[in-house]
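Coordinates in review
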Amino acid sequence: MSILREMTVVAELLEAIMLVCFGLSWPLNAYKNYKAKTAAGSSWQFIALITAGYLAGIAAKFISGSVNWVLAVYFINLACLGINWAVYFRNRKLDAQREVVAQEVVAEAEELLDEAQSVTASVTPAHVAA
């Protein structure tokens, strides 16, 4: 095996290791966010930036003509990011549903408070002494 070929294999291996290290974080992140059931602390901009980075890496592989086995790792990572996107939008939907319920509870509490205040205002001092 020539030195150039050996260096290419090492470069491919290092690229794959980098991708695997990054790639392992995405399923863990998706699981954590799925369990959290909230998009609070998540950023669509961050996920979009990472997605763009993987797409750029895939495009670079094709443009440079270095389509090899490492490309599969890019696609696996991209699929994991797809799961992160799905969890992010699911969590946003859950957040929106909780917000609607919270607004309904606040409105109901305000109505009860108004009723209590009107009952209290209708009580005369004679009623209080009894």
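Residues numbered from 1 in each chain as written. Predicted model: local features only at pLDDT ≥ 70, side-chain atom pairs only at ≥ 80, totals over all residues. Heavy atoms only, no water.

1. Observations concerning the confidence of the model for the chain
Here the chain averages 90 in pLDDT, and 94% of its residues register 70 or above. Across the chain, element-level confidence peaks in helix 2 (residues 44-64) with a mean pLDDT of 95 and bottoms out in helix 4 (residues 125-129) with 58. (pLDDT = per-residue confidence, 0-100. Helix = DSSP H or I, 4+ residues; strand = E, 2+ residues; numbered from the N terminus.)

2. Remarks on the nonpolar core
Ranked by size, the top nonpolar core spans 15 residues in total, and within it Leu19, Trp26, Tyr54, Ile58, Val70, Tyr74 and Leu81 carry the most contacts. Among the elements of the structure, helix 1 (3-36), helix 2 and helix 3 (70-122) are those that each provide at least two residues to this core. Ranked by the residues each element gives to this core, the list is headed by helix 3, at eight residues. Excluding anything up to four places from it in sequence, Tyr54 contacts Leu19, Phe22, Gly23, Trp26, Tyr74, Asn77, Leu78 and Leu81. (Core = buried A, V, L, I, M, F, W, Y, C linked by side-chain atoms within 4.5 Å. Buried < 20%, exposed > 50% of the residue type's maximum accessible area, 1.4 Å probe, protein only. Contact = heavy atoms within 4.5 Å.)

3. Structural notes on the packing of aromatic side chains
Applying the stated criterion across every chain, the model contains four aromatic pairs. Relative to Tyr74, the ring of Tyr54 has its centre 6.4 Å away and its plane inclined at 80°; by these criteria the two rings are edge-to-face. Pair noted here: Tyr54 is in helix 2 and Tyr74 is in helix 3, with a separation of 20 residues, a long-range link. Pair check on accessibility: Tyr54 and Tyr74 agree, each one buried. The interplanar angle of 15° and the centroid separation of 5.8 Å between the aromatic rings of Trp85 and Phe89 together place this pair among those described as stacked. Separated by four residues within a single helix, Trp85 and Phe89 lie in helix 3, roughly one turn from each other. Classification of Phe89 as partly exposed rests on a relative accessible area of 47%. Three or more aromatic residues link up through ring pairs in this structure, and these residues are Trp85, Tyr88 and Phe89. Taking NZ or CZ as reference, Arg90 lies 4.0 Å from the ring centre of Tyr34, over its face. (Phe/Tyr/Trp six-rings, centres within 6.5 Å; stacked < 30°, edge-to-face > 60°. Lys NZ or Arg CZ within 6 Å of the ring centre and 35° of its normal.)

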